[in-house]
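Here is what each chain is made of, one letter per residue.
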Amino acid sequence: MAWAMDGVRERELVRLVREDCGSCHGLTLKGGLGPPLLPETLQDKPEQYVVLTILHGHPGTPMPPWSPFMNETEAAWIASRLKAGFPDR
Amino acid sequence: MRVQVRNALIIPALAALMLAGCSAVPLRGTGDLGLVIEREAGKVQVVDTSARKSLGEVAGLGDLSHASIVYSRDARYAFVFGRDGGLSKVDLLTGSLVKRVMQAGNSIGGAISQDGRLVVAQNYEPGGVKAFDAETLELMADIPASYGTEGKRSRVVGLADLPGRRFAYALFDAGEIWVADLSDPKKPLVTKYPNIGKEPYDGLVTPDGRHYLAGLFGEDGVALLDLWHPEQGARKILEGYGKGQEKLPVYKMPHLRGWSVAGRHAYLPAVGRHEVLVVDTETWKETGRIPVKGQPVFVMARPDGRQVWINFAFPDNGWVQVLDTATGKLVQTLEPGQGVMHMEFTPRGESVWVSSRNTNRVIVYDTETFREQAVLPVPAPSGIFFTHRAARIGF
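This text gives an overview of the structure that appears in the document.

Criteria and cut-off values
Residues numbered from 1 in each chain as written. Chains lettered and ligands numbered in written order. Predicted model: local features only at pLDDT ≥ 70, side-chain atom pairs only at ≥ 80, totals over all residues. Heavy atoms only, no water. Contact = heavy atoms within 4.5 Å. Buried area = accessible area lost by both parts, 1.4 Å probe. Salt bridge = Lys/Arg side-chain N within 4 Å of Asp/Glu carboxyl O. Polar contact = N/O pair within 3.5 Å; in protein donor to acceptor, adjacent residues only side chain to side chain. Nonpolar A, V, L, I, M, F, W, Y, C, P; charged D, E, K, R; others polar. Pairing = 2+ DSSP bridges. Helix = DSSP H or I, 4+ residues; strand = E, 2+ residues; numbered from the N terminus. Axes fitted to C-alpha atoms, helices over the stretch in contact; angles between N-to-C directions. Buried < 20%, exposed > 50% of the residue type's maximum accessible area, 1.4 Å probe, protein only. Lys, Arg positive; Asp, Glu negative; His and termini not counted.

1. Observations regarding the interface of chain A and chain B
Each partner contributes to the interface: chain A provides 22 residues, whereas chain B provides 20 residues. Taken over both partners, the interface formed by chain A and chain B buries close to 1,800 Å², and the fraction arising from carbon and sulfur atoms is 55%. Summed over the three residues of chain A that lose the most area to chain B, namely E19(A), L27(A) and L33(A), the buried surface amounts to 31% of that side. At the boundary of chain A with chain B, the tally comes to two salt bridges. Here D20(A) makes a salt bridge to R357(B), at a shortest N to O gap of 3.6 Å. Counting across the interface, chain A meets chain B through six residue pairs in polar contact (both at pLDDT 80 or more). Of the residues belonging to the side of chain A that touches chain B, the class tally is nine nonpolar, eight polar and five charged.

2. Focus: the sheet that holds strand 30 (residues 340-345) of chain B
Residue and element names in this part refer to chain B. What the four strands build is an open sheet, ordered 30-31-32-33; its pairing is antiparallel. Edge strands, defined here as strands with exactly one partner in the open sheet, are strand 30 and strand 33 (372-377). With strand direction ignored, the average angle separating the axes of adjacent strands in the sheet is 20°. Judged from the five bridges that link them, strand 30 and strand 31 (residues 351-356) form a sheet pairing that is antiparallel. Among the inter-strand pairings, V340 is bridged to a residue of strand 31, identified as S356.

3. Quick word on the pairing of strand 29 (residues 329-334) of chain B
All names here are of chain B. Relative to strand 29, strand 28 (residues 320-324) runs antiparallel, the two sharing five bridges. Across the sheet, the residue bridging to L323 is L330, located in strand 29. Hairpin connection from strand 28 to strand 29: four residues lie between these consecutive antiparallel strands, with G328 at a positive phi of about 70°.

4. A closer look at the pattern of salt bridges
Taken as a whole, this structure holds 24 salt bridges over all chains when the rule is applied. Here R9(A) makes a salt bridge to E12(A), at a shortest N to O gap of 2.7 Å. Highlighted residues: R9(A) and E12(A), both in helix 1 (residues 7-25), separated by three residues, approximately one helical turn. Salt-bridge contacts for D173(B) lead to R155(B); the nearest nitrogen and oxygen are separated by 2.8 Å. One end of the pair, D173(B), is in the loop between strand 15 (166-171) and strand 16 (176-181); the other, R155(B), is in the loop between strand 13 (152-153) and strand 14 (156-162), with 18 residues separating them in the sequence.

5. Some points on the side chain of R39(B)
Among the structural elements, R39(B) can be located in the loop between strand 1 (33-38) and strand 2 (43-48). Although R39(B) is buried, it forms no salt bridge, and the closest oppositely charged side chain is E40(B) at an N-O distance of 4.0 Å. Here R39(B) is in contact with E19(A), L27(A), L64(B), S65(B), M341(B), R357(B), A380(B) and S382(B), once residues within four sequence places are set aside.

If you want it as structure tokens, here you go:
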């Protein structure tokens, strides 16, 4: 997959994940109302599952869909970074 | 004996002299002090709401995302509950960390008993509540939120102090309300109210200590327990407030606390809707709903109850709206900056302090004219907590 993203958008996404995903998953992504989003907890989950979860949420749970705020490339970038260990900033 | 008494007198006198001498910490009360959380730095700033400035900061408090604070009954010490399970005791007068314990893996806040002796933390992981001696932070009681037949533990939300060293809280995963009587912390007496509704997400006790409300995420409604008539059990109010419409996705969970009540009415966030629900606390019937700019997160009454201030979930978290409770109309829409996280009124409500995370500022507004009175630079500010909470049930 090609990364059609610039550094500015990457920094925006890092901030979005830390802060707005962080309100449920914790700023350090160690979990809260939502489960931890750490490499060790995501390692057995296919990247595509993480991408679809981010874009469409899990209906019937508090996990909301983020497709109104990002495209598939951006969700895939977040998913791969989550699996590798998410940057601080 | 006599020697001890004399020492006890001499030492504070000396300390006061020394303090006055070097003027590092002038002798003062704490009634106009408070703390602002710097969530990313793991610090709190000590602020003075009369001078409208920061007096200094206290570091080393761990992960402060979703941190909250309660105060000792002399309003000198703050108990800071961090997300990482850290419980820290901070001295506002000396601006120092007195003590810190790690009490859980993942924590979501706490409360303090009516007599000020016990500080209680509510935890997601391991799910349950723990009580600590307010003086020493020594563990006094541990009450796992076990439910069902397989020994599962629920995440705990909505912890509130009740009169008589009791605490009410809700079990998100189990759909229960528990009331724990910690009169004797060694033998906690827990009364459980099952089947209160799906996924309670937060709770509040009314300022008179009589009613406990748990907001529900998994269905439209609020569970209500009359603590003067606990034998009647919990019942549901505002049932089906969404009127069968699909709720919008929720990007941040709303919060409930005693500040939701203004006079006779409670102002509650509608989950997944751009509305504030108004409930009569005599009849517990809906008396109105107010369309607002986004999904409400904090719906806070000014101490005199004449205004209610509202902030919103992502992506509308750059706004704050003000409702006039006499007319039921919105009278002001403010843009303090992106990422409005929290609001706190000064003790009698002439000013309100608002944190804007993304612009690294805390803005102080005059609540009558809505003019900015001061702006304080604070890196990624979140919660703001003033010491008047020390004297109020459910704060």
